[in-house]
Amino acid sequence: MTGDLAFIPLGGTGEIGLNLNVYRCDGQLLAVDCGLGFGGPEHPEVDVLVPDAGWLAARRDRLVGLVITHAHEDHIGAVAHLWPQLRCPIHASPFVCAVLRRKLGEAGLLGQVEIVTHAPGSRWTIGAFDLEFLRVAHSVPEAQALAIRTPRGNVLHTGDWKLDPNPLIGPPTDEAAFARFGEEGVLAMVCDSTNAMVEGHSGSEAEVRRNLAAIIRKLKGRVAVTCFATNIARVESVALAARAAGREVALFGRSLRNAEAAARECGYLRDLPPFLTEEQSADVPDDRLVIVCTGSQGEPRSAMAKIAADKHPHISLGEGDTVIFSSRMIPGNERAILRIQDELSRAGVEVMTADDHMVHVSGHPARDELKRLYQLVKPKYCVPVHGEWRHMNEHANLAEGLGVEAYVIEDGDVLRLSPGEPDIVESVPVGRLAVDGDRLLPLDGDVLAARKKMLVNGVVIASLAVDGSGRVLGQPQVSAPGLFDGTDDEPAQIAADLARAVVELPGPLKREDGALREAARTAVRRAVGRRLRKRPSVEVHLLRV
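First, a word on scope: everything that follows refers to the structure included in this document. For every chain, the first residue of its written sequence is number 1, and the numbers climb from 1 along that sequence. This being a predicted model, a pLDDT of at least 70 is required before a residue's local features are given, and a value of 80 or more before pairs of side-chain atoms are given or counted; all residues contribute to the totals for chains, interfaces and linings. Each side-chain value is worked out from all heavy atoms of the structure, with water and hydrogens disregarded.

Glancing now at the pattern of salt bridges. Every case where a carboxyl oxygen of Asp or Glu lies within 4 Å of a side-chain nitrogen of Lys or Arg is listed as a salt bridge. Inspection of every chain in the model, using the stated rule, returns 28 salt bridges. Arginine 101 is the partner of glutamate 265 in a salt bridge, and the nearest nitrogen-oxygen pair spans 2.8 Å. Taken together, the residues glutamate 265 in helix H8 (residues 254-265) and arginine 101 in helix H4 (residues 94-106) connect sequence positions 164 residues apart. Among the residues examined, glutamate 265 registers a relative accessible area of 44% and is labelled partly exposed. When the shortest N-O distance is used, the salt bridge between arginine 372 and glutamate 175 registers 2.9 Å. Within this pair, whereas arginine 372 is found in helix H12 (residues 367-377), its partner glutamate 175 is found in helix H5 (residues 175-184), the two being separated by 197 residues in sequence. Relative accessible area serves as the criterion here: at 34%, arginine 372 is assigned to the partly exposed category. Under the DSSP-based scheme used, a helix requires at least four consecutive residues in state H or I and a strand at least two consecutive residues in state E, with every element numbered from the N terminus. Buried, partly exposed and exposed residues are distinguished by accessible area as a fraction of the type maximum, computed with a 1.4 Å probe on protein chains only: under 20%, between the cut-offs, and over 50%, respectively.

Here is the structure:
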């Protein structure tokens, strides 16, 4: 459809992460953000998820660009995975571009992508879209809201934001710019809902800096702090607290080192000396060392996970040491985080979290901040995004209470904003893809369905040699890793059951490979089921001699 202004979320409504938004104006398409998420307990068969951009890729001749609002993984992390489908210019602030170049370089795409850098607060035009960055405070440098002016009306896409009077790195949210945009008339505000259920104010990064300094000054032994890698203000706070306590700072984890390099490239952290490497930290006395490490969300391959399991090659923590989790638990990661904290406690490490110490503030607006933004922008309509359903519904209730008509929509809904009253005019196909090495797999496809089944029921591999008439040669071999150990007799018994079952098959069936293989698979599955009451995935290797 042409001649309208529409908002189309392809990811990011009803869950936190996987942000991929599309605006359509008179047939042209503008994408905003391109993030990833994690499998978690719901999908143990996968590590990383990205939105399915197939619908957008099929229309890339109308896609004028992709704008990234900030450098968090749930807004930038899928770019390297999905850009080969989209192949459009990318527009972002200097810090985002610095982070993005490293990601694209690792993926071998850097020389192919057109990256356009825009200063925070700048304004430019792409096709039918007159765009302006509006500075916002968030837990990453240079976060920007996006003011979208079109012939069909103005839209504010907030991205992630908060009202922090002293965010430490970068200026506070530019309330005057929001007010000016509001005076122009804003048709709709597409707004962050993460903390819509939290009363009051989200708190200031400056308060965390004061508390970290007070806490670290009193501690003995080694101190480790884990936080989001791109929270440069938090990394700086830890470094300043360490320096005040007479300690040196080392960075542990590749994403932290990449974020530090991007930050220094953009002029941040300039008052701090270079951080120690992991190897250099081994030479620092315990009471003189603070490490900042990845793993605040329990990621299994992170530095903190290795430290908790006592498998890190350069450091070991124990009695008298302290670990500070300077972050919140992202929903879905609770089990992994608590497991790491328990492992640390078992080793004698004191664990501090935001539940018992003021070591973290959210980067998202609480209810008082949301109300303030509505007062400044005065949108006619509200579209809550970026949150679980309960967050978006609560955001909608808040907006309605302020006299703003709210629309809570699902991924794939095409919400026409103008002309006329907003309406869901169609739905487009959406979904999630699993990152599996260099490929993307449908979450509901056969490969991942089989993998999930194997996680629960196991896998059995049977090898069988037969002659031309289907007579079994030698003894079949059966392997069932994860179901039986090396000393169990059951695999040999199942192999014997398989041989007997093949002998009893009709002659014509034994002479046809496909039919014989399927009969063997059924025999193995039944033999395992009698012993374990499971239905494993069974693979039969048939050798016709």
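So much for the structure itself; the text now carries on.
Once that is clear, we can look at the side chain of histidine 70. Mapped onto the fold, histidine 70 is located in the loop between strand E7 (63-67) and helix H2 (73-76). Polar side-chain contacts of histidine 70 include one of 3.0 Å to the side chain of threonine 69. By the criterion applied in these results, polar contacts are pairs of N or O atoms within 3.5 Å in which, for protein atoms, one can donate a hydrogen and the other can accept it, and in which residues neighboring in sequence qualify only through two side-chain atoms. Among the polar contacts made by the side chain of histidine 70, one reaches the side chain of aspartate 160 at a distance of 3.3 Å. When checking whether two residues touch, look at their non-hydrogen atoms; a contact exists if any pair is within 4.5 Å. Histidine 70 has contacts with Asp33, His75, Ile76, Val96, His138, Val140, Ala143 and Asp160, leaving out every residue within four places of it along the chain.

Let us look at the state of the cysteines. Any pair of cysteine sulfurs within 2.5 Å is marked as a disulfide. Per the stated rule, a full pass over the model turns up zero disulfides. As a non-bridged cysteine, cysteine 34 has cysteine 88 as the owner of its nearest cysteine sulfur, 8.6 Å distant. The class of cysteine 34 is buried, set by a relative accessible area of 1%. The structure places no disulfide on cysteine 97, whose sulfur is separated from the nearest cysteine sulfur, that of cysteine 266, by 8.4 Å.

Next up on the list: the nonpolar core. In these notes, a set of buried Ala, Val, Leu, Ile, Met, Phe, Trp, Tyr and Cys residues joined through side-chain atoms within 4.5 Å is what counts as a nonpolar core. Counting 101 residues, the largest nonpolar core has Leu56, Val79, Phe95, Leu156, Phe178 and Ile324 as its most contacted members. Sequence-distant contacts of phenylalanine 95, defined by excluding residues within four places in its chain, comprise Ala71, Val140, Pro141, Glu142, Ile232, Ala259, Ala262, Ala263, Cys266 and Tyr268. Counting 26 residues, the second-largest nonpolar core is a separate cluster that includes Leu5, Val32, Val67 and Tyr407.

So, about the sheet that holds strand E27 (residues 459-466). In space, the three strands of this open sheet follow the order E28-E27-E29, with mixed pairing throughout. Of all strands in the sheet, those bounded by a partner on one side alone are strand E28 (477-479) and strand E29 (537-544). Ignoring strand direction, the axes of neighbouring strands in this sheet form an average angle of 15°. Here a strand pair is declared whenever DSSP counts at least two bridges between the two strands. Bridge analysis of E27 against E29 gives eight bridges, and the strand direction is parallel. Bridge pairing in E29 links leucine 464 to leucine 542. Along the sheet face, helix H17 (residues 513-532) touches E27 and E29 and points at about 135° away from the line of E29. Axes, fitted as lines to C-alpha atoms, cover a helix only where it is in contact. Angles between the N-to-C directions of the axes lie from 0 to 180 degrees.

This part takes up the pairing of strand E4 (residues 28-34). Counted residue by residue, E4 has six buried out of seven residues, so it is predominantly covered. Both strand E3 (residues 20-25) and E4 contribute to a ladder of six bridges, which runs antiparallel. Each residue of the ladder has a partner; that of cysteine 25, found in E4, is glutamine 28. The hairpin formed by E3 and E4 contains two residues between the paired strands, and aspartate 26 there has a positive phi angle of roughly 50°. As judged from the four bridges shared by E4 and E7, these two strands associate in the parallel manner. Within E7, the position partnered with leucine 29 by the bridge is leucine 63.

Bringing unusual backbone geometry into the picture now. Going from serine 418 to proline 419, the amide bond is cis rather than trans, its omega being 0°. Along the polypeptide, proline 419 turns up in the loop between strand E23 (413-418) and strand E24 (423-427). Positive phi, close to 80°, is recorded for leucine 168, a residue that is not glycine. With respect to the helices, strands and loops of the structure, leucine 168 is situated in the loop between strand E13 (153-157) and H5. Exposure remark for leucine 168: the relative accessible area of 24% places this residue in the partly exposed category. The backbone of arginine 533 shows a phi angle near 55°, a positive value even though the residue is not glycine.

At a minimum axis separation of 7 Å, H5 and H12 run at an interaxial angle of 45°. On the basis of the axis angle, H5 is oblique to H12. Within the contact between the two elements, H5 uses Glu175, Phe178, Ala179 and Gly182 and H12 uses Arg372, Leu373, Leu376 and Val377. Here the residues of the contact of H5 with H12 sort into five nonpolar, one polar and two charged. Each angle gets one of four labels, with under 35 degrees taken as roughly parallel, over 145 as roughly antiparallel, 65 to 115 as roughly perpendicular, and the rest as oblique. By the convention adopted, Pro, Cys, Tyr, Trp, Phe, Met, Ile, Leu, Val and Ala count as nonpolar, Lys, Arg, Asp and Glu as charged, and the other residues, Gly among them, as polar.

All right, on to helix H11 (residues 334-346) then. Each helix should span, by expectation, one fewer than its residue count multiplied by 1.5 Å. Across its 13 residues, H11 extends 18 Å between first and last C-alpha, which sits within 8% of the 18 Å expected from 1.5 Å per residue. Among all positions in H11, only Ala336, Ile337, Ile340, Gln341 and Leu344 are buried. Seen end-on, H11 carries its buried residues on one side only, within an arc spanning 135°. Seen from the buried face of H11, the exposed residues on the opposite side, beyond 90 degrees, are Arg335 and Arg346. Structurally, H11 contributes buried residues whose contacts are with helix H10 (303-308), strand E18 (322-325) and strand E19 (350-352). In the segment just after H11, glycine 348 is the residue with positive phi, at about 95°. Think of it as the arc spanned by the lines of direction from the helix axis to the C-beta atoms.

This part covers helix H3 (residues 79-86). Along H3, the residues that are buried comprise Val79, Ala80, Leu82, Trp83 and Leu86. Down the axis, H3 shows its buried residues gathered within 165° of arc, on one side only.

This part covers the packing of aromatic side chains. Stacked, tilted and edge-to-face are the three classes assigned to paired rings of Phe, Tyr and Trp, where Trp is represented by its six-membered ring and a pair needs centres within 6.5 Å; plane angles under 30 degrees give stacked, over 60 edge-to-face, the rest tilted. For the structure on display, the rule yields four aromatic pairs. Between phenylalanine 7 and tyrosine 23 the ring centres are 5.1 Å apart and the planes differ by 40°, which places this aromatic pair in the tilted class. Linking phenylalanine 7 in strand E1 (residues 5-11) with tyrosine 23 in strand E3, this pair joins segments that are 16 residues apart in sequence. Here phenylalanine 7 and tyrosine 23 have matching classes, each one buried. For the ring pair tyrosine 381 and tyrosine 407, a centre distance of 5.9 Å and an interplane angle of 80° mean the geometry is edge-to-face. Of this pair, tyrosine 381 sits in strand E20 (residues 381-385) while tyrosine 407 sits in the loop between strand E22 (405-406) and E23, placing them 26 residues apart in sequence. Like tyrosine 407, tyrosine 381 is buried. Above the ring of phenylalanine 275, the side-chain terminus of arginine 264 is found at 5.3 Å from the ring centroid. Counting as a charge over the ring demands two things of the Lys NZ or Arg CZ atom: a distance within 6 Å of the ring centre and an angle within 35 degrees of the ring normal.

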